[in-house]
Amino acid sequence: MNVLTCKIPMKMAQIVLFLLVWVNCCLAEDPKTLDIGATAPDFSLPGIDGKTYTLKSFGSANVLVIVFTCNHCPTAQAYEDRLKTLTADYKSKGVTVVAVSPNYPQAVSLDEMGYTDIGDSFAEMKQRAKDKGYNFQYLFDGETEKMSRLYGPIATPHAFVFDKQRKLQYTGRLDASEKPGSANSEDIRAAIDALLASKPVPVATTKTFGCSIKWMDKSDWAKKAPLVWAKEPVSLALIDEDSLKILLKNDSDKVRLVNVWATWCGPCVTELPEFVNMNRMYRNREFEFITLSADVPDKKDKALATLKRLQVSSKNYLFNSTDKYKLIETLDPKWQGALPYTLLIEPGGKVIYRHQGSIDPAEMKKKIVEKIGRYF
């Protein structure tokens, strides 16, 4: 929002509060990036293997590569395989690659997680490393940010290459192409090769493209977002058999997640907040969440009240018939009738996931993001 042109009337106290938040969030300076030639600052950080690592832990390395990265960022994910290849290619040459997550996990809001199934917590770092088979150590600095503020990464990923004396000789990108398969870490490889050959690094600094660092003092939106989302309108419309068939054909360009629930179904109501989170994560992409109530039509008000209480601001429908078997056969002949029931439908109507009973939220998010993509 442009502060100078906003025409929304606000009380003076609200204006002052808004400006204070805006100044804190947008004008606060990021830490300065370490200068070429500077000595690597020491650190003490937990690794995903349960050990604590300091700069001396990597003392035997001829070249030390520290890459600030994270779980949720699409650019960071686009470089994961290249980082693994880089590690494998140079391990025998005395090059050690270390990844560090600088992000304060609570500063990442749900609507910033549209390209991931997990956030940036330490536990989720362990999960991502396991899922991808990381062959490098992954350290967590999101708790204090002490190391990250000394090094000054600009975005994820951001690489720092140190020589044997731990003097910074290169800082910047891995390469100039985000798309996987289109590059092979040329910039950082040139720096490493030069150091191994005892030659000057040809290009010591490059710009780096990616997600901004989620510093602790810039987490205002993540705190405010739930309050904004809570004000979103929630509605419930009746849907007949023919309209349901059209919905299931999915002539849109979006992956549709359809959840069948009812107010009298305890597990249904219990898991709805998980679907709300998924909707907030992926709705700005090629994704659409739809609820379908199996309550009888005269219980529409009760169903709507439940949806409002749980802030389900997606497309919500209630099947306009008391014939539950018609609902079952129309929705999915493979459905045996138990609730809750969940379908993931790709454009064109192909069902790529169906599940009777409560879902595993982690599994569901992974299926969604693998379908809509993890990077640009």
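Residues numbered from 1 in each chain as written. Predicted model: local features only at pLDDT ≥ 70, side-chain atom pairs only at ≥ 80, totals over all residues. Heavy atoms only, no water.

Asker: Can you walk me through the sheet that holds strand E15 (residues 351–356) in this structure?
Answerer: Sheet strands line up and pair through hydrogen bonds in the backbone, either parallel or antiparallel. The strand order E10-E13-E12-E11-E14-E15 describes an open sheet built from six strands, whose pairing is mixed. Sheet topology places strand E10 (237–239) and E15 at the edges, where each strand pairs with a single neighbour. Neighbour-to-neighbour, the strand axes of this sheet turn through a mean angle of 25°, independent of strand direction. In the packing of helix H9 (residues 266–282) onto the sheet, contacts are made with strand E11 (255–261), strand E12 (287–293) and strand E14 (341–345), and the angle to E11 comes to roughly 165°. (Pairing = 2+ DSSP bridges. Helix = DSSP H or I, 4+ residues; strand = E, 2+ residues; numbered from the N terminus. Axes fitted to C-alpha atoms, helices over the stretch in contact; angles between N-to-C directions. Contact = heavy atoms within 4.5 Å.)

Asker: Explain the packing of helix H8 (residues 241–249) against helix H11 (residues 324–331) here, please?
Answerer: Two packed helices can be described by the angle between their axes and the distance between those axes. The contact between H8 and H11 brings their axes to 10 Å, and the two run at 25°. In terms of their interaxial angle, H8 and H11 are classed as roughly parallel. Considering how the two elements wind past one another, H8 and H11 form a crossing that is right-handed. Each of Glu241, Leu244, Lys245 and Leu248 in H8 lies in contact with H11, whose residues at this interface are Lys326, Leu327, Thr330 and Leu331. Residue composition of the contact of H8 with H11, by class: four nonpolar, one polar and three charged. (Parallel < 35°, antiparallel > 145°, perpendicular 65-115°, else oblique. Left-handed = near helix turned anticlockwise from the far one by under 90°. Nonpolar A, V, L, I, M, F, W, Y, C, P; charged D, E, K, R; others polar.)

Asker: Looking at this structure, how should I read the packing of aromatic side chains?
Answerer: The description of an aromatic ring pair rests on the distance of the ring centres and on the angle between the ring planes. Applying the stated rule across the entire model yields 12 aromatic pairs. Pairing Tyr134 with Phe136 gives two aromatic rings, centres 4.5 Å apart and planes at 25°, and the pair type is stacked. You'll find Tyr134 and Phe136 in the same group, each marked buried. Joined through ring pairs, the aromatic side chains of Phe68, Tyr151, Phe160 and Phe162 make up one cluster. The cationic tip of Arg82 hangs over the ring face of Tyr79; the distance from NZ or CZ to the ring centre is 3.8 Å. (Phe/Tyr/Trp six-rings, centres within 6.5 Å; stacked < 30°, edge-to-face > 60°. Buried < 20%, exposed > 50% of the residue type's maximum accessible area, 1.4 Å probe, protein only. Lys NZ or Arg CZ within 6 Å of the ring centre and 35° of its normal.)

Asker: Would you take a moment to explain the environment of His72 for this structure?
Answerer: Assignment of secondary structure puts His72 in the loop between strand E3 (63–68) and helix H2 (74–78). On the basis of relative accessible area, His72 is assigned to the buried category, the value being 2%. Separated by 25 residues in sequence, His72 and Gly47 have C-alpha atoms that sit 18 Å apart. In terms of polar contacts, His72 uses its side chain to reach the side chain of Asp120, at 2.8 Å. (Polar contact = N/O pair within 3.5 Å; in protein donor to acceptor, adjacent residues only side chain to side chain.)

Asker: Can you help me understand the pattern of salt bridges in this one?
Answerer: Side chains that carry opposite charge are capable of pairing whenever their charged atoms lie near each other. Counting across every chain of the model gives 21 salt bridges. For Asp131, the salt bridge goes to Lys366, with nearest N and O atoms at 3.1 Å. In this pair, Asp131 is assigned in helix H4 (residues 122–132) and Lys366 in helix H12 (residues 361–372), connecting sequence segments 235 residues apart. By relative accessible area, Asp131 is classed as partly exposed at 32%. Here Glu145 ties to Arg149 by a salt bridge, and the two come within 3.2 Å at their closest N and O atoms. One salt-bridge network, in which partners are shared between bridges, spans Asp117, Glu370 and Arg374. (Salt bridge = Lys/Arg side-chain N within 4 Å of Asp/Glu carboxyl O.)

Asker: Any chance you could explain the side chain of Thr206 here in plain terms?
Answerer: Note on placement: Thr206 falls in the loop between helix H6 (186–196) and strand E9 (211–212). Thr206 sits in the buried class, given a relative accessible area of 19%. For Thr206, the side chain forms a polar contact with the main-chain nitrogen of Arg173, separated by 3.0 Å. Those residues in contact with Thr206, other than ones at most four positions away along the chain, are Tyr170, Thr171, Gly172, Arg173 and Asp187.

Asker: Explain the nonpolar core to me, please; I cannot follow it from the model alone.
Answerer: Generally speaking, nonpolar side chains in soluble globular proteins are found buried as a group. Among the nonpolar cores identified, the biggest contains 50 residues, and Leu257, Leu331 and Ile368 are the most heavily contacted of them. It is H9 that provides the largest number of residues to this core, a total of eight residues. Setting aside anything within four residues of it in sequence, one finds Ile368 in contact with Leu257, Met278, Tyr282, Phe287 and Leu344. Ranked by size, the runner-up nonpolar core spans 26 residues in total, among them Tyr90, Tyr134, Leu174 and Leu195. (Core = buried A, V, L, I, M, F, W, Y, C linked by side-chain atoms within 4.5 Å.)

Asker: Mind showing me how you'd approach the state of the cysteines here?
Answerer: Every disulfide links exactly two cysteines, by a covalent bond between their sulfur atoms. According to the stated counting rule, one finds two disulfides in the structure shown. Here Cys73 is linked by a disulfide to Cys211, with a sulfur-sulfur distance of 2.3 Å. Every disulfide takes its handedness from the sign of the S-S torsion; for Cys73 and Cys211 that torsion is 90°, giving right-handed. Taken together, the residues span a long stretch of sequence, with Cys73 in the loop between E3 and H2 and Cys211 in strand E9 at a distance of 138 residues. One exposure class covers both Cys73 and Cys211, and it is buried. Sulfur-sulfur distance for the disulfide between Cys265 and Cys268 comes to 2.2 Å. (Disulfide = S-S within 2.5 Å.)

Asker: Would you take a moment to explain the side chain of Lys365 for this structure?
Answerer: Note that Lys365 resides in helix H12. Put simply, Lys365 is tucked away with no salt bridge, and the nearest opposite charge, on Glu274, sits 5.1 Å away. For Lys365, the contacting residues outside a window of four places in its chain are Asp117, Met278, Met281 and Tyr282. (Lys, Arg positive; Asp, Glu negative; His and termini not counted.)

Asker: How do you make sense of the sheet that holds strand E8 (residues 168–172) when you look at a structure like this?
Answerer: If you trace the five strands from one edge of the open sheet to the other, you get E5-E4-E3-E7-E8, paired in mixed fashion. The two strands at the open ends of the sheet, each matched to only one other strand, are strand E5 (137–140) and E8. Along the sheet, successive strands turn relative to each other by an average axial angle of 20°, direction set aside. Looking at chain direction, strand E4 (residues 95–101) and E5 are connected through four bridges and run parallel. Bridging across to E5, Val98 finds its partner in Gln137. The strands that H4 touches are E4 and E5; relative to E5, the one it contacts most, it runs at about 165°.

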